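# Chain and residue survey
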Amino acid sequence: MKRIYLDGNSLGPPQGDVLGRIARFVADEWDGQLIGAWNSRGWWDAPITVGERIAPLIGAAAGQTVVGESTTIWLYKLLSAAMHLRPGRLEIVTETGQFPTDRHVIDSVARQFGASVRAVPSAEAASAVSEQAAVVSLCHVDYRSGRRHDMRAVTAAVHEAGAVMLWDLSHSTGAMDLHLDECNVDLAVGCTYKYLNGGPGSPAFAYVADRHVEAIEQPISGWVGHADPFSMDEYHRPAPSIRKMLSGTPPVVALAVLDHALDAFDGADMAALRSHSTALTGRFIELADARLRRHGFIVATPRAAAERGSHVSLAHDEAYAIVQAAISVGVVGDFREPNLCRFGFAPLYLTIADLEAAVDRLEQLMVDGTYKRHEFQVRAAVT
Ligand SMILES: Cc1ncc(COP(=O)(O)O)c(C=O)c1O
């Protein structure tokens, strides 16, 4: 039975010959060049060169995108930097139900700066910004419902109040066209192991708008972000470029794998990918209404295409067991608290026929009651 992978919004599958790329990396670069590869094979600049390959996917001109830390660490660096950009403003605005790591980092940065956190329902985020707010930090696409913010309108409202806009693009990048420069976004972060298929734990990217690069201060000054690292200067002098956002030695092996994964997006028409994505999610919602609603599923994702990302969540009282049962029949999605079956539709490799086959299998397991089996009730550590 063909596996239908609807979890590329969580961990993208390998694209192309990843094994070959890793084998070549070890043989030609690591073993072949040893320490010389830092220069001869571009290891030192990989956070920048790989960043430049992500830039066109997020609508960023050169010099603003860098790769290397996890999304969590980038959030910490960029939120701290945003507080420095707006001295005297002591509030961080966010949305309730944020992805946990975003909220945890917001809370810890607020503690460090003696700032308060204002969390409001996502639809109210733009209007909740006042002159107190230094930064507004939001997820472009919500990890649970799949709700998508209007990046342009929200960013404009945030600027109107004089605050800095930070977007988490983890559930957007690689599934749609993004226009950070055009929308005048200040700061952004995003995972690369989801729709970009960079591999488990692949390093995330950060975007800092050109106009902030000179003044921005990040909190972890390390030698890799120094203007002249091999001067071995005892005191930090930040690089006069996006490189200043880096801190320590970059994860070169992971960057090589991510670089390979990005080949799949070479010359990609992101607007065309987005329209395929909305066709996929739209068809799935249609079929869920027609064939799954009678089995207790409720569509928990916005029905207006412009208001959703590339995954669809179906609420159901038995969501956990249903997701496990679906995996047993080759339909891989995931479960999110409290009651969501989440299905991701990566437009790069999924077809309408795939999702129709997935709905056939989901319907069948509800008709058969397969999900009621004891084995599907047992919770694993990762859901
Ligand atoms: C919106 C969002 N931000 C951040 C993360 C994860 O961050 P990290 O890679 O640092 O664990 C995720 C992971 O699913 C996410 O969905």
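Numbering of residues begins from 1 in every chain and follows the order in which that chain's sequence is written. Local features in a predicted model are, by the rule used here, given only for residues with pLDDT of at least 70; side-chain atom pairs are given and counted only at 80 or more, and totals for whole chains, interfaces and linings are based on all residues. Excluding hydrogens and water, the side-chain figures rest on all heavy atoms present in the structure.

A separate point is the packing of helix 4 (residues 71–85) against helix 5 (residues 100–113). Interaxial angles span 0 to 180 degrees and are taken between N-to-C directions of axes, which are lines fitted to C-alpha atoms, for helices over the stretch in contact. Working definition: helices are DSSP H or I runs of at least four residues, strands are E runs of at least two. Numbering for both runs from the N terminus. Between helix 4 and helix 5, the shortest axis-to-axis distance is 9 Å and the interhelical angle comes to 40°. The angle between helix 4 and helix 5 places the two elements in the oblique class. Pair helix 4 / helix 5 crosses with right-handed handedness. On helix 5, the residues that touch T72, L75, Y76, L79, S80, M83 and H84 of helix 4 are T101, D102, V105, I106, V109, Q112 and F113. Polar here means any residue outside two lists: the nonpolar Ala, Val, Leu, Ile, Met, Phe, Trp, Tyr, Cys and Pro, and the charged Asp, Glu, Lys and Arg; Gly therefore counts as polar. Tallied by class, the residues present in the contact of helix 4 with helix 5 amount to eight nonpolar, five polar and one charged. Angles below 35 degrees are treated as roughly parallel, those above 145 as roughly antiparallel, those between 65 and 115 as roughly perpendicular, and all remaining angles as oblique. Two helices crossing with the near one rotated counterclockwise from the far one by less than a right angle form a left-handed crossing, whereas a clockwise rotation gives a right-handed crossing. Here, two residues are considered to be in contact whenever any of their heavy atoms come within 4.5 Å of each other.

Once that is clear, we can look at the site of the ligand. For this description, a residue counts as near a given molecule or strand if any of its non-hydrogen atoms is within 4 Å of it. Neighbouring residues of the ligand: 13 residues in total, closest T72, D168, H171, Y193 and K194. Between D102 and the ligand, the recorded distance is 3.3 Å, taken from a side-chain N or O atom to a nitrogen atom. Pairing of N or O atoms within 3.5 Å defines a polar contact, subject to two protein rules: one partner must be a possible hydrogen donor and the other a possible acceptor, and residues neighboring in sequence count only if both atoms are side-chain atoms. Between the ligand and D168, the relevant distance is 2.8 Å, taken from a nitrogen atom to a side-chain nitrogen or oxygen of the residue. Accessible surface area values rest on a Shrake-Rupley calculation with a 1.4 Å probe, where residue burial reflects the displayed protein chains alone. In isolation the ligand exposes 400 Å². Once the protein is present, 82% of that is buried.

With that settled, the discussion passes to helix 10 (residues 319–328). Residue burial is assigned from relative accessible area. The probe radius is 1.4 Å, only protein chains are included, and a residue is buried under 20% of its type maximum, exposed over 50%, and partly exposed in between. With respect to burial, helix 10 is a largely interior element, eight of its 10 residues being buried. Among all positions of helix 10, only A319, Y320, A321, I322, V323, Q324, A325 and A326 are buried. Looking at the packing, one finds that the buried side of helix 10 touches strand 11 (331–332), strand 12 (334–336), strand 13 (340–344) and helix 11 (352–368). Downstream of helix 10 by one or two residues, G330 has phi in the positive range, about 85°.

Much of the literature gives interface size as the accessible area that the parts lose upon coming together. Under the domain assignment, the protein chain is made up of domain 1 (4–12 + 269–377) and domain 2 (44–265). For every domain, the bounds stem from an assignment made automatically or drawn from a database. For domain 1 and domain 2, the distance between their C-alpha centres works out to 29 Å. The interface of domain 1 with domain 2 comprises 29 residues on the first partner and 22 residues on the second. Accessible surface is computed with a 1.4 Å probe, and the buried area is the amount of it that two parts give up when combined, taken over both parts together. Three residues stand out in domain 1 for area buried against domain 2, namely M270, H311 and L348, and they jointly supply 27% of the buried area on that side. Basic side-chain nitrogens of Lys or Arg form a salt bridge, by our definition, when they fall within 4 Å of a carboxyl oxygen of Asp or Glu. Between domain 1 and domain 2 we count zero salt bridges in total. On the surface where domain 1 and domain 2 come into contact, there are 15 residue pairs in polar contact (both at pLDDT 80 or more).

For the rest of this paragraph, the subject is the nonpolar core. Of all hydrophobic cores here, the largest spans 41 residues; its most connected members are I58, V136, M151, W167, L169, L180 and Y207. Counting only elements with at least two residues in this core, the list comes to helix 3 (46–58), strand 5 (133–139), helix 6 (151–160), strand 6 (164–168), strand 8 (205–208), helix 8 (252–261) and helix 9 (270–292). Counting residues per element, this core draws most heavily on helix 3, which supplies six residues. The residues touching L169, leaving out its near neighbours within four places in the chain, are I58, H140, M151, L178, L180, A188, V189, G190 and F205. Joining through side-chain atoms within 4.5 Å is the link that ties buried Ala, Val, Leu, Ile, Met, Phe, Trp, Tyr and Cys residues into a set, and such a set is a nonpolar core. The next biggest cluster of nonpolar side chains, apart from the first, holds 33 residues, and it includes I4, I285, Y320 and A325.

Attention shifts here to the pairing of strand 3 (residues 91–95). Of all five residues in strand 3, five are buried, a share of seventy percent or more. Burial of strand 3 is two-sided: the residues E91, V93 and E95 facing one way and the residues I92 and T94 facing the other way are all buried. Two elements, strand 3 and strand 4 (residues 116–120), share five bridges in a ladder whose sense is parallel. Within strand 4, the position partnered with I92 by the bridge is V117. Crossover handedness is defined by viewing with both strands directed away from the observer: a clockwise path from the first strand over the helix to the second marks the crossover as right-handed. Note on the crossover from strand 3 through helix 5 to strand 4: the handedness is right-handed. For strand 3 and strand 5, the ladder comprises three bridges, and the chain directions are parallel. By the bridge assignment for strand 5, I92 is matched with V135. When DSSP locates at least two bridges between a pair of strands, those strands are taken to pair.

Every buried residue of helix 6 is accounted for by M151, V154, T155 and V158. In an axial view of helix 6, the angular spread of the buried residues amounts to 100°, which keeps them on one side of the axis. Along its buried surface, helix 6 packs onto strand 5 and strand 6. Positive backbone phi, approximately 80°, marks G162, located one or two places after helix 6. This arc is taken over the directions from the axis of the helix to the C-beta atoms.

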